[in-house]
Structure formats: structure tokens, C-alpha cells
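Structural features, examined
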Amino acid sequence: MILLLAGTLTGRAQNPGTVSGKVVDSQGSALPGVSILVKGTTTGTTTNPDGTFQLQVPTTANILVFSYVGFTSQEVTLNGRSSVQVTLQEDNKTLNEVVVVGYGSLNRKEVSSAITHLSAKDLLRVGSNSPLMAIQGKVAGLSVTNTANADPNSTPNIQLRGVSSRSAGLGPLFVINGVPGGNLDNINQNEIESIDVLKGGAASAIYGTRGSNGVIVITTKKGTADSRIFYDGYTAFDFITNQLSVLSRDEFLANKRGVDLGGNTDWMKTVSNNPAFSQKHTLQFSGGNTRTNYFTSVDYRNAGGIDLRSSKEEYGGRVNINHTSANDLYAITFSAAPRYARTNLADYSGFNYALTLNPTQPVYDNNGRYAYITTGFFANNPVERAREVRSEQEIKYLDLNASFRLNLLDNLYSTVTIGQVNSSFRNYNFTPSTLTTVLNGSGRNTASQDLDENDQKSFEWTGNYALDVQKHSVKLLGGYSYQLFTSSGFDASNQLFPSNVLTYNNLGSGTWNLTSGVNGVSSYRNSSKLISFFGRVNYDYDQKYYLSASLRREGSSKFGFNNKWGNFPAASAAWRITQESFLQGIPWLNELKLRADYGVTGNQDFGNYLSLDTYSGYGYYLYNGVSYQVWGPSQNTNYNLRWEKAINFNVGLDFELLNSRLSGSLNYYIRTNKDLLGDYSVPNPPNIQGTTFANVGTMKNSGLEIQLNASVVNRNDFSYNLAFVGATNSNKFVSFSNDAYQGQTYIDVVGMPAPGSPGNIQRLRENTRIGSFYTLKSAGVDETGALQVYDRNGNVILANKATNDDRQFVGNGLPKFTGSLSNNFKYKQWDLSLFFRGTFGYDLFNTYAFYLGTPATQENANTLKSAYDGGKYARLTNAATYSALSDYFLESGSFVKLDNVTLSYTQPLKVKFLQSVRIYATSRNLATFTKFTGGDPDLIQVNGLYPGVNNSLSYYPSTTQLLLGLQLTL
């Protein structure tokens, strides 16, 4: 009996291989997605939608760690139990989140620089071509804009903390699964686990010459020990909204705009797919065991644009595999992400023609052919062009990365990471000989193909060491990075093909190149290298005082001979004031942390070989009956070319109040960009060319950023959470000169197109904010309908009598403040989110009103209704001042949008093969509140050097999107 009892007790001390249970909150409600780990290992799983879980654990394991965002982590001792019931206590402290930083991760309370962390649940639901549209307005200081959202092939413009360069890249560096320079277009939104935006110089300086515009770190999902299948599918409809209105047929004739051609055509309707339809399906698998797990995702998307031609059909996938050895000596990860897309590219001119074409012109003539006139403004038939001209693109992406981590000691490990990012773009174009414009023109059909391939290979080694001694904690990082970038491509074109049947598939059958002596082919190949050594130390005393310092020494083959290498130092500090004794015992103050950081970053995002002597063809020379191609220097070589340098300073405050129901952060930053890269005018001779690409100029940005999160209501069945994001930006173009290049103090930029050739509309000048409109100042309209302006002496004159000397600064197109407000409601299984976004304090030039919105608009062209609605633009009847640029056409661009509304219902199920069902409906761009009369103000770019103006008549209407989706968890 004693032996039997001893055996029984021993058996109870051994834990079973499978542990199951349920996790609930303090109210007894199930918690889905709770992370469960066997303490001291990477073995784990997450709870199902009904809060239940099942986990295979080693027989020697005795402690499980339960963690969930918004709740206090809890350790549970098994002591032989095979079933546990766990209740997690609410803890809204955002400072306990894990934040991914350069080459590692930190607990948020350890972070001493400006970083914004977003998890998958923070992303907006949008049917978009880019996952970054899902964080539009979510990060203070990060501007994400897309002036053609309904074009399935469009890409957003991304800018962090203002414009930072003249001619080098303006966008942030993307780091995807640890690989710098990752391909953002090869990510499905459903694959994202978290996004961390490194805004402070100390955070981004670890990436050296590519950190000036900030760093966005994207981490994709990984596998779990539990087998799981997830499906997400949606259909989306885009409806044109906030559309520019033109005169109808009767209004056109009543106002004697042109001749009556006998038709009655709404050209905007004829060139539109309204609504445009798209669909997307994602299927994900994850599973494995305690040592090896996988995550696999496949997706299919088919989207059409609101124009007649554009579309995109794509197939993508991702595989993430993780393996840890039995003794935890090493860990291996592997990831592969292929993607293929076939597209039809939009013809934006179709909407331009729809605005200007005579509405009495029919689409088809009496013989059923496309109607066409050869006179008038923008004479064309956009329906014919959209349906007959082919402009296609074939896209291939392949991202590969793998890592090997060797755990030498419990506190010492080394990691080697290799990666490859590959993209290929092949363009196909064909214009048939049957096109009316060709029949009335050259008579030749034309075709072309071109290929652009980009390849990035990377190798990185890092070593990490951690030491904890009583109240002292030290983390050391050292590393080496090597990256090789290669671009290559070719293009070929020809004309006068014997048939339209083969389109672009038989370029050699065209006779035009041969008979005309034209060389219709070209090719290129170039490359560059980056080599870096870097290190960082993080020190923590008593979880109260935090210090961090880093240094990256980086060399780039793009720079001049004496400037190949640069040093990028950074330092930051943080003080958790609430850990001090004098703030203990204050019930409403839960966390208060003061931060300050300083860092030097660079920018080398420009073309290759600009610091080397290069040669190119200068035409042909006939000698003794033989043509020889002449070669010569193709540029003014700059042997002293170096990286742009950004000096970043940031001070911030993180806080949690009222039992952590209110949390947030404040940041104030100053960034000074020196040695700006750009073309600088030089005398010719002695220089070969009239411009040299050089480091000239200084720019300064500063601003205040705020992020607030509040748990307004938190009841058993109902909760309401609110989040506010706001940012200001103050900009100054400090200088255009340096020691080597002096004398130039301004540049007139943004040339406005014909008709009228009105000239430039903005001026970049020293000590002036970018986006400054430099035009004539309006003095109203006289009795003849002519525009009056002030001359340089303040006298009122007719606009057509003014000179360039009469121009002055009249407004600015760079927003002073951007903000957003998220409202999230939850009632039982229902979820509702309302997301508002706004931009304030800037001017927009109403390009469409200037060219198409007055009675003085060129005859035989249609106009906007504003030309005859009795408003300010209807007064400009005199064609003499038609092309005079003035602030008469400047309007406030400020707006507020109800940008995203999502309603969903989740139903947990107790079916063998189905755990939960979620249905959702989303509407994007539901309503816009603005005084701007030129359509949706969001269609005019405010990022870059020239904000607030569209310097062409390119028009792609805004849309409201309705999205209906279904999610299944199996």
C-alpha cells in the first residue's frame, strides 16, 4: 500500500501532456486571443473566441503564463492539473506592451524614444491596395495620403514629421520581419501582427543613412502550437462622391459655350464604372507542436477601378516557419512571400476629357463608330481610348528571409539573418491603327514593352548580451550589416505593324524603326552597396531610470571618394517619475514617464553613380559614309557627394491616469536637415552641364504630437473606448547655400500648364515655409469682368498688366494641424467603430476653377457649374485676365471626414469544425465637411515639397466605399 501510494503521488507530480481550460475577465466574459506560454520556453497557444484553449506541455513543465493586452499577466502553477480556469484582471497600462525597435524589442516602460505601437486590432478595415491605408490618421505626425483611392493600382504617399529633402526620398524606411528595405506592396493586411513607427532620432539612428524620414517596422504573424484555420473574405463597392459638376447639354447651349453637335452626353457617366467592384479572399493556416510551428497565408484579390480601364488581379502568399531545438540551443526561422499581379493601368485623362468635352457630342456617330471632333479644348473620345488602348503591367514579388539564433548562454545569444527582396515590373502598351486619333493623325499603330527588375540582398549579424545585478540591468547589442542593391531593365518599341491582332507580342514585325533609322531598344543595369557596423547599450536602474546610446558607422558606394563612410550617433533617457517615493500613493496617477532623445540620421535615397564620371551617347557623327555614335560626359560629377544629415531632438511624456482609464503621450520634436540633396544651378562653362547634384541647403521641421486613449465606459455588456491623435508641423526652408554653392536664395516651382502658360505658382525661399504660394494678390473684379490685382506699390491694376515683380506671398498649402478621433463601441457580440479624420490651417489652389470654372474658359470647352452659378468665379467673364495666377483662386483646404465606419457581429460557436463567425460592414469616406469648392480636398497632395496645388488637370474622382465581409475561425 505504501508503494502504491508513493506511486500515486509521483504520478500526480507529473503533469499531463495536454492542458485545457478557459480564460475569462473579472465579469466572467470569455477572453479570445489570450496568449498562453509555458514559462521559460517558446511553447504556447492562444484562446479561442469562446475563451477556451488546449495546449500540449512537456511533462516537466509546471507554470503557464497568461497575458492579454489590457489585462495583468498571470502565472498559473499546474501541479499535475489537466484543466484550469483563469480569471485575468483588467490593467490598461499601455506601458506594458512589447514594442519592436531596431534589431530587437523592449517593454514599453523601457522605451526612451518616440515610438508609436499599433497592434492588428488597431488597423482600420479598408479595401485598399496598400496595408498602410489601414493606419491613416492613427499615428501622430505620420501623413498617409492617396489622391486616387479607387484606382486599384495606386499607392499612398507616406511622410513622417514633415518634408525632409529636396530631391532624395521623402518616405520612411520599411523594416519587415527584421529585413531593412522590405517590400510594403507584398503584405496582406491580414498577415500583420504589429506596426511600430520609430519617430524619434534615437530610435531610427540605428538604421544610419536611411533613417532620416523615420522607420516603420512591420511584424507578420507567426504560428502557434494549436492547429487553426482562418478565413476572411469581402466584397467592396466604390461609389463616386464629391464629384465636380459640369454644365449639362441644355446649360452648355444656353450659355453659348459651343456648337450643338446633336447629342446629349454625360461624359462623366460614360467614362466611369459606378460603382466599381472588388473582392478579396484570405485563407490562413497555423499549427505545429511545442518545438516547430508554422503560419501560412494565401490570398486572392480582384479589383476594378471607377475608370473604364483599370483593374488588378493578384495572388499572394506567405509562409512563416519557426523551429526551436529540444535543448533551446538554437532557433531557426524561415519566411517566404511570393506574389503575382496582372493589371490594367488607369488612363487619368479620361476624367479630364469628361470635364471639358462638349456635352452635345455623342459617344457614337450615326454609323456606330466612335464620334470624334478635331477642334476644341482636349478634343478626344475618352470612351474609345479607354476601351481600345492597352496599358498593362505584370508584377512579380518574392521576399525571402531566414535567421539562425544561437543561445550561447541564458543571457547571451547571436543571430544571423539573410534576406532577399525581389520585384519585377513588365509593362505592355499598344495603340491600334483603328483608333480615331491615329486615323486622323500618323496612321501608325504603336507597341512597346519594358521591364524593370530590382533585387536587394542582405546579410546581418547581431549579438545580444543581458545582465541583471540587483537593481541594475544592462542590455548590449552589436552587429554588422551588408546590403547589395541591383536594378536592371530594358525597353523596346516599334510602330507600323501589319496587323493589330498581335498587339505588343511581335515588336519585330513593325517596319517603322527599320525604315526611319530609329533605335527602338535600350537597357540598363546599376547597383549600390551599404556596409554597416553598429552597437547599442540599454541601461536600467531599478526600473526607474533608463539610458540608451547607439552608434552606427555606415558606408555607401553612392557617395564621393572621401565621403563613403559616416557616423550616426544617438542617445536617449527616460525617467519613470511615478516610481519615485514622492509620487507614491497618488490614486489617480498610475504612470508618468519623461523622455528625451537625440539622434543623427541620414538619407541616401537617390540615383547611383552621381559621384562618378559617367558617359552617354551624344548622337551620331557621319564619317566616310559610316555613322559613329558620339560619347561624352553625361553629368557634372560631384566627387564630394555625401548623405543628407538630419539632427533630431525629441522630448516626450507618457502617462496613465485614473486607474489607467486615460493614457497617452506627448512629443515635441525639432529636426534640422542639412546638406540637402538636389540639383543646383552652376555656370556653363566651365561646367559641362547647367546643374550639379550636390549637398546644398538646410531645412527645419518642428512640431507637437499628442496621442490619447480613454476607456470612457467599461460595463459588463457595454464598453466605449476613445482615441485622439493630433499633430502640428512648423516648417522653414532655412538656406539654399553653403560654402561651395552660394548666391541662390530661392527657386520658383510648380509650373502651371497650358492653356495660357501662367508660370510658376509657388516659391521656395530661404527662411520661408515650404508650400508658399507666390502669385498676384487679387483686388477683386471690375465692371468688365476682368481680374484686378495689386502691383508692387499697392496700386490696383488689371491682372494682364502685371509683371513678375508684382507677385507676392499670398498663402500656404502646408497644413498646420492634423487630427483624428476613433470611437469604439462594444455591446455583447456587436462592435461599432466611428473614425473621424481632419486636416486644418492651409490653402488649396482651385486648379479646376482656374482653368474650367469661369465664363472666360476657352470656347467649345465645357465648364464647371461654378462658372454660371452667380458666385465669385462667375464674375470673371473677361478673357483678357484668364491666365493670370492670383490668390483669387485660393481657398481654405481645411476639412473633417467621417472616414471609416465599421459595424460587426461575432458569434462564438460550439461546432466541431467552426469556432466563430464574424460578419462586418465598413464604409470609407462616408462624409466630408469642408468649404473647399474644388471637390474632395483630400485629392490634392499635401506631402512633399509642393503641397496644396495640383499642377495639372489630372482628375480621378473621390469615392465612398462600402465593404461587406465575413470571417470564419475553424
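Residues numbered from 1 in each chain as written. Predicted model: local features only at pLDDT ≥ 70, side-chain atom pairs only at ≥ 80, totals over all residues. Heavy atoms only, no water.

On to the overall build of the protein. Scanning the protein from terminus to terminus reveals nine helices and 52 strands. Computed over C-alpha atoms, the radius of gyration of the protein comes to 31 Å, within 12% of the 30 Å expected from 2.2 N^0.38 for 970 residues, which places it in the range of a compact globule. Per-residue burial for the protein yields a buried fraction of 52% across its 970 residues. For the protein, the exposed surface amounts to about 41,700 Å²; the carbon and sulfur share of it is 54%. Between the mean site of the 79 positive side-chain charges and the mean site of the 72 negative ones, the protein shows a separation of 4 Å. (Helix = DSSP H or I, 4+ residues; strand = E, 2+ residues; numbered from the N terminus. Rg over C-alpha atoms; globule rule 2.2 N^0.38 Å. Buried < 20%, exposed > 50% of the residue type's maximum accessible area, 1.4 Å probe, protein only. Areas by Shrake-Rupley, 256 points an atom, 1.4 Å probe, with all protein chains shown as cover. Lys, Arg positive; Asp, Glu negative; His and termini not counted. Charge placed at Lys NZ, Arg CZ, Asp CG, Glu CD.)

Right, let's get into the sheet that holds strand β14 (residues 179-180). Taken together, five strands build an open sheet; the order of strands is β10-β15-β16-β13-β14 and the sheet is mixed. At either margin of the open sheet sits one strand with a lone partner, and together these are β10 (115-119) and β14. Bridge count between strand β13 (residues 173-176) and strand β16 (residues 215-220): four bridges; the pairing is parallel. In the strand pairing of β16, I176 is matched with I218. (Pairing = 2+ DSSP bridges.)

Here the focus is the nonpolar core. Counting 60 residues, the largest nonpolar core has L355, M752, I761, I770, F845, F889 and Y955 as its most contacted members. Taken together, the elements giving at least two residues each to this core come down to α4 (267-270), α5 (349-356), β39 (746-752), β40 (759-765), β43 (787-790) and α9 (847-852). Among the elements that take part in this core, α9 stands out by supplying five residues, more than any other. When neighbours within four sequence positions are excluded, F845 is seen to be in contact with M752, I761, F773, F850, L885, S886, F889, L890, I940, G948 and V949. (Core = buried A, V, L, I, M, F, W, Y, C linked by side-chain atoms within 4.5 Å. Contact = heavy atoms within 4.5 Å.)

This part is about the pairing of β39. When β39 meets β40, the two strands line up antiparallel, connected through six bridges. Its bridge partner being in β40, D748 is matched across the sheet by R763. Connecting the antiparallel pair β39 and β40 is a turn made up of six residues, with G756 showing a positive phi of about 95°.

All right, on to the sheet that holds β43 then. With antiparallel pairing, three strands are arranged side by side in an open sheet as β42-β43-β44. The open sheet has two free edges, formed respectively by β42 (777-781) and β44 (796-798), since each of these has just one partner strand. Each strand of the sheet is rotated relative to its neighbour by a mean of 40°, with strand direction disregarded. Looking at chain direction, β43 and β44 are connected through three bridges and run antiparallel. Directly across from Y790, in β44, lies its bridge partner V796. (Axes fitted to C-alpha atoms, helices over the stretch in contact; angles between N-to-C directions.)

This part covers empty space enclosed by the protein. Taken as a whole, this structure holds eight cavities of 30 Å³ or more when the rule is applied. By volume, the largest cavity amounts to about 490 Å³. Around the largest cavity, the lining comprises 35 residues; the ones closest to its centre are L142, S143, T818, T839 and N943. For the lining of the largest cavity, the secondary-structure elements that each account for two or more residues are β11 (142-145), β37 (718-728), β46 (817-827) and β47 (830-840). Broken down by class, the residue content of the lining of the largest cavity amounts to 15 nonpolar, 15 polar and five charged. Reported here for the second largest cavity is a volume of approximately 310 Å³. Looking at the second largest cavity, it is lined by 33 residues, and the ones nearest its centre are N149, A150, D238, R924 and T959. Going through the elements one at a time, β19 (292-304), β50 (895-911), β51 (914-930) and β52 (958-969) are the ones with two or more residues in the lining of the second largest cavity. Among the residues forming the lining of the second largest cavity, the class breakdown is nine nonpolar, 15 polar and nine charged. (1 Å grid on protein atoms, 1.4 Å probe; cavity = no way out; pocket = protein on both sides within 12 Å on 5 of 7 lines; lining within 4 Å. Points joined across faces, edges and corners; volume = space filled by probe spheres on them. Nonpolar A, V, L, I, M, F, W, Y, C, P; charged D, E, K, R; others polar.)

Take G871: it is sitting in the loop between α9 and β49 (890-892). With 824 residues separating them in the primary sequence, G871 and T47 have C-alpha atoms 62 Å apart.

In this structure, P275 follows N274 across a cis peptide bond, with omega equal to 10°. Along the polypeptide, P275 turns up in the loop between α4 and β18 (276-288). Phi angles above zero are rare outside glycine, and Q543 is one such case at about 50°. Relative to the elements of secondary structure, Q543 occurs in the loop between β26 (521-541) and β27 (545-556). Judged by its relative accessible area of 38%, Q543 is partly exposed. We note that D675 has phi near 55°; this positive angle belongs to a residue other than glycine. Structurally, D675 can be placed in the loop between β33 (662-674) and β34 (677-681). Its relative accessible area of 19% is what places D675 among the buried residues.

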